[in-house]
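Coordinate analysis (summary)
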Amino acid sequence: EYYRWEQWMFTRLMEKGIAYRKTAPVNWCPVDATVLANEQVIEGRCWRCDTEVERREIAQWFLKITDYADELLADLEQVDWPEQVKTMQRNWIGRSEGMEVEFEVPGQDSLQVYTTRPDTLYGATFMAIAAEHPLALAAAQDNPDIAAFIEICRKTNTSEAALEKMEKLGMALGIDAINPVNGEAMPIWIANFVLMGYGTGAIMSVPAHDQRDWEFARKYGIEIRQVVEPADGAAIDLEAGSFVTKDGRCCNSDILDGLEFNVAFDAIADRLEAAGKGRRQVNYRLRDWGVSRQRYWGAPIPVIICSNCGMLPVPAADLPVVLPEDVEFEGIGSPIKRMDSFKQVSCPQCGGAAERETDTFDTFMESSWYQERFTCVDQGEAMLDARADYWAPVDLYIGGIEHAILHLLYARFYHKLMRDEGLIKSNEPFQRLLTQGMVLKDGSKMSKSKGNTIDPQDLIDRYGADTVRLFIMFAAPPEQSLDWSDSGVEGAYRFLKRLWSAIQLHVESPAEQASATNKSLGDEQKAMRLKLHETIRKVSDDYERRLTFNTAIAANMELLNSVARFDDDSATGQAIRQEVFDAMVLMLAPIIPHICHRLWADLGHDSLIIDHPWPTVDESALVQQSIEMVIQVNGKLRGKMQIDADADRASCEAAALANEQAMRFIGDSPVRKVIVVPGKLVNIVI
RNA sequence: GCGAAAGUGGCGGAAUUGGUAGACGCGCCAGAUUUAGGUUCUGGUAUCUUUGAUGUGAGAGUUCGAGUCUCUCCUUUCGCACCA
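A brief look at the structure comes next. (Residues numbered from 1 in each chain as written. Chains lettered and ligands numbered in written order. Predicted model: local features only at pLDDT ≥ 70, side-chain atom pairs only at ≥ 80, totals over all residues. Heavy atoms only, no water.)

Brief notes about the sheet that holds strand β9 (residues 170-178)
Reading across from one edge, β9-β10-β8-β11 is the order of the four strands in this open sheet, with mixed pairing throughout. In this open sheet, the two strands that pair with only one neighbour each are β9 and β11 (202-205). If you compare each strand with its neighbour and ignore which way they point, the axes differ by 30° on average. In this structure, strand β8 (residues 126-129) lies alongside strand β10 (residues 185-191), joined through three bridges in parallel fashion. Counterpart to I129 in the pairing with β10 is I190. In this fold helix α5 (residues 144-153) packs onto β9 and β10, with an angle of close to 115° to the strand it touches most, β9. (Pairing = 2+ DSSP bridges. Helix = DSSP H or I, 4+ residues; strand = E, 2+ residues; numbered from the N terminus. Axes fitted to C-alpha atoms, helices over the stretch in contact; angles between N-to-C directions. Contact = heavy atoms within 4.5 Å.)

Observations regarding unusual backbone geometry
Put simply, L319 and P320 share a cis peptide bond, and its omega is 0°. A cis amide bond links A392 with the next residue in sequence, P393, at an omega value of -5°. Position of P393 among the secondary structure elements: in the loop between α11 (386-391) and β22 (394-400). In the Ramachandran plot, N252 falls in the positive-phi region, its phi being about 50° despite a non-glycine side chain.

A few points about the layout of surface pockets
In this structure, the second largest pocket occupies an estimated 670 Å³ of space. Along its surface, the second largest pocket is lined by 24 residues, and Q436, G437, M438, V439 and I472 are the ones closest to its centre. Sorting the residues of the lining of the second largest pocket by element identifies β22, β23 (430-436) and α14 (465-475) as the ones contributing at least two each. Of the residues contributing to the lining of the second largest pocket, the split by class is 15 nonpolar, six polar and three charged. (1 Å grid on protein atoms, 1.4 Å probe; cavity = no way out; pocket = protein on both sides within 12 Å on 5 of 7 lines; lining within 4 Å. Points joined across faces, edges and corners; volume = space filled by probe spheres on them. Nonpolar A, V, L, I, M, F, W, Y, C, P; charged D, E, K, R; others polar.)

A word on the protein's contact with RNA strand B
Inspection of the region around RNA strand B gives 69 residues, with Q60, K538, R545, R546 and N683 positioned closest. Among all atoms of RNA strand B positioned within 4 Å of the protein, those belonging to sugar or phosphate total 64%. Here R285 contributes a backbone N or O atom positioned 3.0 Å from a base nitrogen of RNA strand B. Between A475 and RNA strand B, the recorded distance is 2.7 Å, taken from a backbone N or O atom to a sugar or linking oxygen. With six residues, helix α17 (residues 549-565) is the largest single contributor of residues to the surface near RNA strand B. Counted by class, the surface near RNA strand B contains 24 nonpolar, 21 polar and 24 charged residues. (Near = heavy atom within 4 Å. Polar contact = N/O pair within 3.5 Å; in protein donor to acceptor, adjacent residues only side chain to side chain.)

What to know about the packing of aromatic side chains
Applying the stated rule across the entire model yields 26 aromatic pairs. Ring centres of F126 and F216 lie 5.3 Å apart, and the angle between their planes is 20°; this geometry places the pair in the stacked category. Taken together, the positions of F126 in strand β8 and F216 in helix α7 (residues 211-220) put the pair 90 residues apart, joining distant regions of the chain. Of the two residues examined, F126 and F216, each falls in the buried class. (Phe/Tyr/Trp six-rings, centres within 6.5 Å; stacked < 30°, edge-to-face > 60°. Buried < 20%, exposed > 50% of the residue type's maximum accessible area, 1.4 Å probe, protein only.)

Some remarks on the pattern of salt bridges
Counted by the stated rule, this structure contains 45 salt bridges. Among the ionic pairs, D420 bridges to R419, the shortest N-O distance being 2.9 Å. With its nearest N and O atoms 3.2 Å apart, the salt bridge here joins K538 to D542. Of the two residues, K538 and D542 are both situated in helix α16 (residues 523-546); the distance of four residues between them amounts to about one turn of the helix. Via salt bridges that share partners, E71, D75, R412, K416, R419, D420 and E428 belong to a single interconnected network. (Salt bridge = Lys/Arg side-chain N within 4 Å of Asp/Glu carboxyl O.)

Points about the pairing of strand β18 (residues 310-313)
Judged from the four bridges that link them, strand β17 (residues 303-306) and β18 form a sheet pairing that is antiparallel. Residue pairing for β18: I304 is matched across the bridge by L312. Counting the residues between successive antiparallel strands, the hairpin from β17 to β18 contains three residues.

Notes on the packing of α16 against helix α18 (residues 571-588)
At their nearest, the axes of α16 and α18 sit 11 Å apart, and the two run at 10° to each other. As far as their axial angle goes, α18 and α16 are roughly parallel. Only T572, G573, I576, E579, V580, A583, M587 and L588 of α18 make contact with α16, whose side of the interface consists of Q525, M528, R529, L532, H533, T535, I536, V539 and Y543. Across the contact of α16 with α18, the residue classes break down as 10 nonpolar, five polar and two charged. (Parallel < 35°, antiparallel > 145°, perpendicular 65-115°, else oblique.)

Okay, here's the thing in structure tokens:
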């Protein structure tokens, strides 16, 4: 049922033109005859058979996430997410304002190129195109050297990291493109770092002002021509490294000379647009989402390919397209790709013989909308119903930081697709986000695929689930990565035992009725209540705002240490102790629920702890008559003083200057300045 | 290579808004209890040449004052579009 609606949604997206098919590069192992994930390519070779992997262009389905790029960028303002995650998404989307420029190629189709730096057009000295570019393929037909070089270019993993790290290789095509600004002929090179699938498959190269172009030009002896100079007119050394900046002024650029970036951009853009040689264009680094997988395990893509009618969505009445389970695995490729009972169908339009799409969906499709569907899993008539709108958006989404870009961006995109289909009203799926750090084992990510996971069951068997929960929550704040170690679990166990026996000791002594308000309390009693209510305030903030459970636990440990030292047998003392234990058990219950459930009953409550409200801060307990202030001399801690909580700046300053410790360090030196930070410190500058 | 983070005692970590560095816990040391070990309890525990000085990956800078802000660099982790 889940993937039935996913398939249904895809057919809707096909009809809207958001789902479309085009070719894209994949890693191909020629021996296993299978597509490999980037992860499965180890140093350019297949992980299973060690064969050198090739790049192949195959037809695949895409979702036009680029149509939503601007909205995905803008709506980051609406969500309460960590700034680092928003930044990563912004950079990933990578909005840039530039130009599409047309370079004529005599006797051929012209080359289309996107550039963010049209102001450097006079410095362009060559063009670089992908190995799969039509110009390259045409040239290869009667030039075996070029054909051989194209083969070399195909020996590259499709991952961006691999493309950036590999040795940059190129070969001149032997034909030129014409620079539209000055009519100069520039050589066209095939380069292994340009991919056909991304952008137009061709770039213009300005080696004086781009690091990668510079390295390529140096390697192949191509001219490096400076067209931007530093604003202060300083000389730059083109032999030592490129000068990459927008903070300069154009030079050697005809009409642009002396202009700053923004002005030069507009000047050249107006001129190219007027000449019909280019147009301003906003581009995104973001590429459309490839959702096809040539694998068996997945939801079948609901498409029928008919030689007469083309690509047709499977009609809603025929959904779901069920993944066959009576398959035979032969170790090579997906079994449904050679399964006629699955593949052979009749065309829903013309009735003639047709074939099913045998690719399945990327599993990111499933993880993109479960948070809505799980509110209405029994709904058989629609993808979502009103319950989804009741619950969505998710108040607090918790997931690993490794999902900061892909999963979270796809889920945001899919939510907007469902919104535009009228299935949900909200704009964003996740209002607040907590990204957990990685749990590492011996320095690298603990994961199922790496097989280095630790099962907590042994610890649970030995210490109980409460101890293990407490220990894990205490180990580090959730956003931080943590190298797993179980040293220290004893400390959590000891804390539970201390908490248990402290409360048993308390309930065994006779409790008399007494009120624990701050009126007529002794100093020790006031201090105990101050500590309690400070702790409630801090722990509430840790849970709700900071999400730092380790410090919430530490504060409760401090509170237990304080109440253990609180040696007061009076009825009032006993009442205060009851107040402390009640609050402590409530505050710890989310972390150690089992023991707290029991301790709550032991503390004499008839109701269940889960029905009891969170403890509240008694503001009157927080009022202090005198506070401690730090005294610094020249920024160094030299003493401390007790002073009235409402003392003004002048009296703080006077008290600090009169302080014995401070005077020792001041000596005869003249006091130049005194800085008073109310409630905190006094700094005497000498 | 690019993007995002992190780096603090022997260890995990705390310091929330530029204001007492090392909370809390582990480990370790000493003592009490115990026939002994374990448990439990108490005290101590950054370093040093200790009237004090130094100290938050390295180096510079801003400031009365920097773990916190700025710049350069180093190391580690996550992500880089087919692991999910």
